[in-house]
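Descriptive structure summary
The lines below spell out each chain.
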Amino acid sequence: MRDRLVIAIDGPAAAGKGTLARRLAEALGLAYLDTGGLYRAVGLSLLREGGSPDDPQAAEAAAKRLDPALLNDPELRGEATGNAASKVAAIPAVRAALLDFQRNFASNPPEGAKGAVLDGRDIGTVVCPDADAKLFVTASLEARAKRRVKELREKGIDIIEETVLQEMRDRDIRDSQRAVAPLVPAKDALVLDTTELDADAAFRAALRFIETRN
Ligand code: DC
């Protein structure tokens, strides 16, 4: 394997990217960046200020003065934040404002790391097109919505499955059909469909692929 390894993981919400990215980072001694957290932080700061995630100027300003403390905020993972994130993510100036931070993390990972794993929607296509290995993790809408409902119920949040499914469908459409950096697999990505694949099997398949690429 090369000295510094960059792994790009993309895919829709609740497909299992985060779990896979964390496991790969730990197994390979790499730093991990959840890039969705950056878009979520922009969405959350707008919701808190009473601004609209559809307002390009307010969203750009929020991206430019991103407060890193928001990345650890308990509301970061909430559904309202996820929806606001998906809206601000369609604004080109927001994406441009977050690009340098992500590229810098990939090329200069924190001390001690042998490289980086980034997960998001456009890592293999836009942020790190030269990544050593690219994975596209997906699953059926129904399977992803069920996982999200289970996760939320485990946290004590009572939620109607149909609502989660509908919001996830809207988010998929917004993320895949936007004009800039839409969610699409990179041409050289390994597509992992986790509808029927458990986390261990996905991890093993990803490791095998990374070994063949390096
Ligand atoms: O992965 P997530 O659910 O935390 O991401 C939240 C939103 O952020 C997602 O709906 C689209 C956007 N996003 C993006 O456009 N590009 C990325 N690299 C990561 C996330």
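Because the structure is predicted, anything quoted here is derived from the model rather than measured.

**Focus: the pairing of strand β3 (residues 115-120)**
Where burial is concerned, most of β3 is hidden: six out of the six residues are buried. Residue alternation in β3 divides its side chains into two sets, G115, V117 and D119 and A116, L118 and G120, and both sets are buried. The pairing of strand β1 (residues 5-10) with β3 spans six bridges and is parallel. When the sheet's bridge partners are listed, L5 is paired in β3 with G115. Looking at chain direction, strand β2 (residues 31-34) and β3 are connected through four bridges and run parallel.

**Brief notes about the layout of surface pockets**
Over the atoms, a rolled probe matching the size of one water molecule traces out where space is still vacant. By volume, the largest pocket is sized at about 1,000 Å³. Lining the largest pocket are 43 residues, with A14, G16, K17, G18 and R148 positioned closest to its centre. Broken down by element, the lining of the largest pocket gets its largest block of residues, six residues, from helix α7 (residues 141-154). Classifying every residue of the lining of the largest pocket gives 12 nonpolar, 11 polar and 20 charged. The volume enclosed by the second largest pocket comes to roughly 170 Å³. Lining of the second largest pocket is provided by 12 residues; of these, V6, A106, C128, D130 and A131 occupy positions nearest its centre. Of all the elements, helix α5 (residues 92-107) adds the most residues to the lining of the second largest pocket, at three residues. Its residues placed into classes, the lining of the second largest pocket shows six nonpolar, one polar and five charged.

What counts, and where the lines are drawn
Once a new chain begins, its residue numbering starts again from 1 and follows that chain's sequence as written. Since the coordinates come from a predicted model, pLDDT governs what is reported: local features require at least 70, and pairs of side-chain atoms require 80 or more to be given and counted, while whole-chain, interface and lining totals use all residues. Values reported for side chains reflect all heavy atoms of the structure, with hydrogen atoms and water molecules removed beforehand. Three labels apply to residues, based on accessible area from a 1.4 Å probe with only protein chains included: buried if under 20% of the type maximum, exposed if over 50%, partly exposed otherwise in between. Secondary structure counts use DSSP, requiring at least four H or I residues in a row for a helix and at least two E residues in a row for a strand, with both numbered from the N terminus. In this scheme, strands are said to pair when DSSP sees at least two bridges between them. Cavities and pockets were defined on a 1 Å grid built from protein atoms only: a cavity is a group of points that admits a 1.4 Å probe but offers it no way out, a pocket is an open group of points flanked by protein on both sides within 12 Å along at least five of seven lines, and a lining residue is one with an atom within 4 Å of any such point. Grid points are joined across faces, edges and corners, and a volume is the space filled by probe spheres set on the points. Gly falls in the polar group here, along with every residue not listed as nonpolar (Ala, Val, Leu, Ile, Met, Phe, Trp, Tyr, Cys, Pro) or charged (Asp, Glu, Lys, Arg).

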